[in-house]
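# Coordinate inspection notes
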Amino acid sequence: GGRRRLAKGPRGRGHDAVTAVGKPRVTAIVPAYNSEGFILEALRSLAAQTWEDLEILVGDDASTDRTLSVVKEFAAGRPNVRVVAREHNLGWLANTNDLMGQASGELMFLAFHDDTVDPTYVEKLAHALEANPRAVLAFSDLELVQPDGTREPKAFRDLDGVRRRLMRGLAMAHSPTNWWVAIHGVFRASAARQVGGLRPSAAGEYGADWPWMMHLCLLGEFVRVPEKLCVKAVRTDSVSHTWGSGPEFQAAVRRVCVDAVRRSPLRWWEKLVLSAEIRRRIAVPGWVKPLARRAVRRALH
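Here goes a summary of the coordinates provided. (Residues numbered from 1 in each chain as written. Predicted model: local features only at pLDDT ≥ 70, side-chain atom pairs only at ≥ 80, totals over all residues. Heavy atoms only, no water.)

Our focus in this paragraph is the pairing of strand S9 (residues 221-233). Pairing geometry for strand S5 (residues 115-117) and S9, over three bridges, is antiparallel. Bridge pairing links Thr116 to Val231 in S9. Bridge count between strand S6 (residues 135-145) and S9: ten bridges; the pairing is parallel. By the bridge assignment, Val145 is partnered in S9 with Ala233. (Pairing = 2+ DSSP bridges. Helix = DSSP H or I, 4+ residues; strand = E, 2+ residues; numbered from the N terminus.)

Now the structure itself:
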């Protein structure tokens, strides 16, 4: 399921594989489902990367269209492309977690099947991580393309230069504008192992990327590269549109966030403060909220 533990990569090579010239291997994680009409464009953008050692790992989640055939044709003659064909549909979370468990890269990123990236995407983000040993994730700005063709620039700036773990967590607890942009970034495999993968909530797969980002930001800094290196297409038939939404779903996701805080390297009192701030935004007994507000004020002053 979605709580699958991240494992070592292929035999003889762990996650932290490094090339002979000292550059880390990077793995593109491509969970795919019923994307025959657009996945090839995404894969071609990955094949065009300037980064020398790039593994492309595609998991076809038992698609009912020609996605698997398209992916296999693309992989033919490309030794750096691996295809995992699911016999049964696992769902986006379990498919993604299993791919991360099979990846051989020291660094990796979620390459969504309907996104395209600039040829220098991996190179610039990997260099940004190499330049900051405190960072666990490097991401760029992106361009969001709506179904009607409207294009909007999107950037996430709230964690720029934020060194303290608690402050990063408090910022994420407020669901800042465009926080989701950061998930389109390159992260350290070691951090992904600490998080343990994307986790479902009582609401299922809905919003699982938010607790994932919360946990990552508590492990290390986020680095923003202020260039539009990714294009995200919004599709009316996206899998995410099949998920429910509403206050009860958001509350379920926030409970997973509290669990991520519990498992983070924060000090005990920092965990109390951040958990209180997260709980303050979900349905809890009335007497809890003023206590949570006071705890947060103490932490900030």
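Let us now look at the packing of helix H5 (residues 165-173) against helix H7 (residues 209-219). Across the interface, H5 lies against H7 with an axial gap of 8 Å and an inter-helix angle of 165°. The angle between H5 and H7 falls in the class roughly antiparallel. Along this stretch, H5 crosses H7, giving a crossing that reads as right-handed. Of the residues in H7, those in contact with Arg165, Arg168, Gly169, Met172 and Ala173 of H5 are Trp210, Met213, Met214, Cys217, Leu218 and Leu219. Grouping the amino acids of the contact of H5 with H7 by side-chain chemistry returns eight nonpolar, one polar and two charged. (Axes fitted to C-alpha atoms, helices over the stretch in contact; angles between N-to-C directions. Parallel < 35°, antiparallel > 145°, perpendicular 65-115°, else oblique. Left-handed = near helix turned anticlockwise from the far one by under 90°. Contact = heavy atoms within 4.5 Å. Nonpolar A, V, L, I, M, F, W, Y, C, P; charged D, E, K, R; others polar.)

Counting buried positions along H5 yields seven of nine residues, so the element is predominantly enclosed. Just past H5, the residue Ser175 takes up positive phi, approximately 50°. (Buried < 20%, exposed > 50% of the residue type's maximum accessible area, 1.4 Å probe, protein only.)

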